[in-house]
Amino acid sequence: MKKEDTVKLISAEGFEFVIDKEAAMVSQTIRNMLTSPGSFAETQDGKVTFPEISTTILEKICQYFYWSLQYARGKETDFHIEPELTLELMMAANYLHT
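Residues numbered from 1 in each chain as written. Predicted model: local features only at pLDDT ≥ 70, side-chain atom pairs only at ≥ 80, totals over all residues. Heavy atoms only, no water.

J.: Explain the sheet that holds strand β3 (residues 47-49) to me, and be specific about the residues and the numbers.
T.: If you trace the 3 strands from one edge of the open sheet to the other, you get β2-β1-β3, paired in mixed fashion. Here the strands that pair on one side only, and so sit at the sheet edges, are β2 (16-20) and β3. Taking each pair of neighbouring strands and ignoring which way they run, the sheet shows an average axis angle of 20°. Relative to β2, strand β1 (residues 6-10) runs antiparallel, the two being bridged by 5 bridges. Within β2, the residue paired with Val 7 across the bridge is Ile 19. (Pairing = 2+ DSSP bridges. Helix = DSSP H or I, 4+ residues; strand = E, 2+ residues; numbered from the N terminus. Axes fitted to C-alpha atoms, helices over the stretch in contact; angles between N-to-C directions.)

J.: Tell me about the pattern of salt bridges, and please be specific about residues and values.
T.: By the definition in use, this model includes 3 salt bridges. Two residues, Lys 8 and Glu 16, come together in a salt bridge whose shortest N-O distance is 3.4 Å. With relative accessibility at 27%, the residue Lys 8 sits in the partly exposed group. When its relative accessible area of 44% is taken as the criterion, Glu 16 is described as partly exposed. Here Arg 73 makes a salt bridge to Glu 22, at a shortest N to O gap of 2.6 Å. Here the residue Arg 73 occupies a position in the loop between α4 (55-72) and α5 (86-96), and Glu 22 occupies one in helix α1 (residues 21-24), the gap between them amounting to 51 residues. (Salt bridge = Lys/Arg side-chain N within 4 Å of Asp/Glu carboxyl O. Buried < 20%, exposed > 50% of the residue type's maximum accessible area, 1.4 Å probe, protein only.)

So this is what it looks like as structure tokens:
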């Protein structure tokens, strides 16, 4: 896979998740960051840092992006969310518009 087909999402702790750009575009916020006109760092570098989102939550968000793509293509499976992650995950999802 070519570098321009991937996006690097960086958690508050500095952990990097390299995911398909198509998956990242599930988030309206990330889509706006990567496709905005002008010379924004996110658009040029293909990486987005989330200083307020922990590694655990960002990992779950990445899993959701891929699940969402599969669901949109007709593959209906459950997406399990651990109860202890629910509040943080809801706040992150609200920010990311997912």
